[in-house]
Amino acid sequence: MEIDRTGVILNTENYRACVTFYGEVLGLPLLFEFDRPDERLTCFDMGGAYLMVEPGGTARPKGKTPETCPTKFRFNVRDVEAAAAELVARGVEVRVRKHDWGMTAEFHDPDGNRCALRSESDFGSR
């Protein structure tokens, strides 16, 4: 099988808030958006893959757990602490964690989906 493109479809309860979060807060580039009577979605470039945000999910305002949301969006960055500080300045609650294998910054989107930043420089080095 030859795959031309990969992506993730994220169904959200707070569609507009999640579109704003991924587009404006995280700064993912917009690929396209449809707002038709039977089709509402926004598609972002997510580092070469796509993230398609659509209505229809269930929010957990206090944040989802691995049991309620077994998937986590991970965004590798050059400087986790600097990127985390940018998110905090934009109103996102972030928890920076140092591990023996690198650094992460954990946070949730407006629906409570799990997201994290990770240091790119040491990715896969263990």
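We now turn to the structure provided with this report. (Residues numbered from 1 in each chain as written. Predicted model: local features only at pLDDT ≥ 70, side-chain atom pairs only at ≥ 80, totals over all residues. Heavy atoms only, no water.)

Concerning the environment of Ala82
Point 1. Looking at where Ala82 falls in the secondary structure, it is placed in helix H2 (residues 80–89).
Point 2. Residue Ala82 is classed as partly exposed on the basis of its relative accessible area of 37%.
Point 3. For the pair formed by Ala82 and Asp45, sequence separation is 37 residues and the distance between their alpha carbons is 22 Å. (Helix = DSSP H or I, 4+ residues; strand = E, 2+ residues; numbered from the N terminus. Buried < 20%, exposed > 50% of the residue type's maximum accessible area, 1.4 Å probe, protein only.)

A few points about the sheet that holds strand S1 (residues 7–12)
Point 1. Across the sheet, four strands lie side by side as S1-S4-S3-S2; this open sheet has mixed pairing. Two strands close off the open sheet at either side, each with one partner strand: S1 and strand S2 (30–36). Taken pair by pair, the neighbouring strands of this sheet meet at an average axis angle of 15°, ignoring direction.
Point 2. As paired strands, strand S3 (residues 39–46) and strand S4 (residues 49–55) are joined by five bridges and run antiparallel to one another. Each residue of the ladder has a partner; that of Met46, found in S4, is Ala49. (Pairing = 2+ DSSP bridges. Axes fitted to C-alpha atoms, helices over the stretch in contact; angles between N-to-C directions.)

Let's talk about the pattern of salt bridges
Point 1. On inspection of all chains with the given rule, the structure shows six salt bridges.
Point 2. Glu33 is the salt-bridge partner of Arg16, the closest N and O atoms lying 3.2 Å from each other. On the criterion of sequence distance, the pair formed by Arg16 in helix H1 (residues 15–25) and Glu33 in strand S2 is long-range, its members being 17 residues apart.
Point 3. Given the relative accessible area of 37%, Glu33 is considered partly exposed.
Point 4. Notably, a salt bridge pairs Lys72 with Glu106, separated by 2.7 Å at the nearest N-O pair. Of this pair, Lys72 sits in strand S5 (residues 72–77) while Glu106 is found in strand S7 (residues 102–108), placing the two residues 34 residues apart along the sequence. (Salt bridge = Lys/Arg side-chain N within 4 Å of Asp/Glu carboxyl O.)

Function-wise, these values are silent; they only describe arrangement.
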